[in-house]
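# Breakdown of the fold
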Amino acid sequence: MSLKSAVAGTTVMDHLLDRLHALGVRHLFGMPGDYNLKVLDRVVAHPDVKWIGTASELGAAYAADAYARTSGFGALLTTFGVGELSAINGVAGAYAERLPLLHIAVGPTQATERDKAVVHHSMGDGDFDRFARAHREVVCAHAVLRPDNAVSEIDRVLSACLRESRPGYLRVPRDVALAPAPPWRPSAADGRQTVEGDGVEAFRAAARARLAAAGTVAVLADFLVDRFHARDELARFLTAGSFPHAVLATGKTVVDESAPGFLGVYSGAMSERPVRAAIDGADLLIRAGVLLADSTTGKFTHGFDAEAGIDLGPWTAKVDGRTFPGVPLATALTVLAELVSGRPAAPVPAAGSRGLGAALTGLSGSVTAAGRSAATLLRRASPLGLPLTQSYLWEAVGSAVEPHHTVIADDGTPLLGIVGHRFPRGARFIGQPFWGSIGYGLPALLGTQLADPARRGLLVIGDGAAQPTVQELGTIGRHHLKPIVVLVNNHGYTIERVTHGLRAVYNDISRWHWPKLPAAVGVRNPLVLRARSTAALDRALARAAATPDRLVLIEAFTAKDDIPPAMVRMLINRPDRARWVP
């Protein structure tokens, strides 16, 4: 490839922004600090990347995480030391849940480093790599940029982020960021997975034999399908095989939930009976991009042998424990689609006849279209004075989800309450069931709304989870975004109360006057609604849907000890308390 000459006046930071834009980054999140101010001048001047100043560095990291989930890559920029450490929890969450993003930490000049000067935001000992070393534990690639290696190291780190679908980290002295960018030769490495022909053909033969010997086949999909860009291949495979299929909570909406073969969300012993019977009882279980975690398997109560069946990982496929390297996930799904094409359609287990009450139970309970309509009618006929419950709340919110919505659920009762409800085709879901850091939802709402403004965000979050990051509601308002926020006011950390300490003081929080908050943090003309009864909630949801031109906050009141049906099932069905203790 020919060398690309640097445009006159192009700095290392300009080059980095160009590279990020080529990966789909149109917004850069972060906060100003004196070390990065002159660098931010270059960001503001960039024609294709817009600076989004957040209220905290942690909020910037959460927003970049959700941005990556929506558009494919995210980025944040902080100042050295205090700023980058504030962001590290969000970066770690992106590492755990496999999101490609870049954290840029701008620090003191090289001369300051050489002099080992005692400067602010440092430990005063001349060690300027301390915080970079901390980040090495939560990123897949890292570098300290110098004038002679800046462009090559940027390429290396970005390629690793794409290949691993995980965060990268760059520590950039301010003078290096503002230095002229040297000529750049585009790297041949683009982060794509390597396909090995011999491995693919060996996998094909083993999978063909395994499929031929299987009586019943079921499919379990998870979030790695999304992270490694295999959604289309999974959809084609499911269409070709017509197999009953389910997802883990981390993989919600990775498949079309309106499809007839979709069973619901699988969570071990806490699953609905048809879901568990189909997944645990299959002669052959095909797992696509699955990570088995305590929070998604009903505390490891899954009933299938994790070493048996066909297991498709990011780069390696397995058949009954036999490993086939060099078979990326998308390739393996394409092979399986070819093998099952023309196979007679498998019967889908019947969900059975369920009334509204039954439809409300279970982490993975799916609501059929008929059930959704019936539930809506029942809600409309509900007495005005009927108190709002968690069961009613999540059935109502689940029924209000529309194809153009991206639903964001914060950890706790909102996530457990909403995740089991079947979404219409086109709706997307963002949650953090694995990392599980409370407060993720509000900055995530900011990130996904900026990444795809054509979709309307619908955030469900508890009062306890909202308090750590609620200031980002102001950032959302500042950028004129119009999401719906359903805030559950149940006076504290209900999920922690149920886990331990029902009346413990550490599960209490300060009571805020939420209706005044949007205006207080700068949201212009918000629509604030409150719901203490079923009828009030129905009216609030209907009005929110009819008001797309305003940010809508619905404060929904439920009792302190009221919990979603999913949590009831978890408490009833957990095999023993020892395994339940976090």
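Residues numbered from 1 in each chain as written. Predicted model: local features only at pLDDT ≥ 70, side-chain atom pairs only at ≥ 80, totals over all residues. Heavy atoms only, no water.

Take the packing of helix α3 (residues 57-71) against helix α18 (residues 441-451) next. Two elements in contact, α3 and α18, have axes whose closest approach is 7 Å; the angle formed by their N-to-C orientations is 40°. By the angle between their axes, α3 is oblique relative to α18. At the point where α3 passes α18, the crossing takes the right-handed sense. Taking contact as the criterion, the partners of Gly59, Tyr62, Ala63, Ala66, Tyr67, Thr70 and Ser71 in α3 are, on α18, Pro443, Ala444, Leu446, Gly447, Thr448, Leu450 and Ala451. When its residues are assigned to classes, the contact of α3 with α18 shows nine nonpolar, five polar and no charged. (Axes fitted to C-alpha atoms, helices over the stretch in contact; angles between N-to-C directions. Helix = DSSP H or I, 4+ residues; strand = E, 2+ residues; numbered from the N terminus. Parallel < 35°, antiparallel > 145°, perpendicular 65-115°, else oblique. Left-handed = near helix turned anticlockwise from the far one by under 90°. Contact = heavy atoms within 4.5 Å. Nonpolar A, V, L, I, M, F, W, Y, C, P; charged D, E, K, R; others polar.)

With that settled, consider the sheet that holds strand β19 (residues 552-557). Across the sheet, which stays open at both edges, the six strands sit in the order β15-β14-β16-β17-β19-β18 with parallel pairing between neighbours. Looking along the sheet, the strands with just one partner apiece sit at the ends: β15 (428-431) and β18 (527-531). Taking the axes of each pair of neighbouring strands and ignoring which way they run, one obtains an average angle of 15° across the sheet. Pairing analysis gives four bridges linking strand β14 (residues 405-409) to β15, with the strands arranged parallel. The residue bridging alanine 409 from the neighbouring strand is glycine 431, located in β15. Most of the contacts of helix α16 (residues 390-400) go to strand β17 (residues 484-489), to which it runs at about 175°, and overall it touches β14, β16 (456-462), β17 and β19. (Pairing = 2+ DSSP bridges.)

Moving on, we come to the sheet that holds strand β7 (residues 217-221). Here we have seven strands laid out as an open sheet, ordered β9-β8-β7-β10-β11-β12-β13, and mixed in their pairing. In the strand order of this sheet, the two ends are held by β9 (262-265) and β13 (322-325), each with one partner. Across the sheet, the axes of successive neighbouring strands diverge by a mean angle of 15°, strand direction being ignored. Relative to strand β11 (residues 310-312), strand β10 (residues 284-288) runs parallel, the two sharing three bridges. Paired with arginine 287 across the two strands is aspartate 311, which belongs to β11.

Another aspect to go through is empty space enclosed by the protein. In total, this model carries three cavities of 30 Å³ or more according to the counting rule given. Volume-wise, the second largest cavity comes out at about 60 Å³. The wall of the second largest cavity is formed by Leu442, Ile461, Ala466, Val470, Leu473, Val485, Leu487, Trp514, Leu517 and Leu553. When the residues that make up the lining of the second largest cavity are grouped by side-chain class, the tally is 10 nonpolar, no polar and no charged. (1 Å grid on protein atoms, 1.4 Å probe; cavity = no way out; pocket = protein on both sides within 12 Å on 5 of 7 lines; lining within 4 Å. Points joined across faces, edges and corners; volume = space filled by probe spheres on them.)

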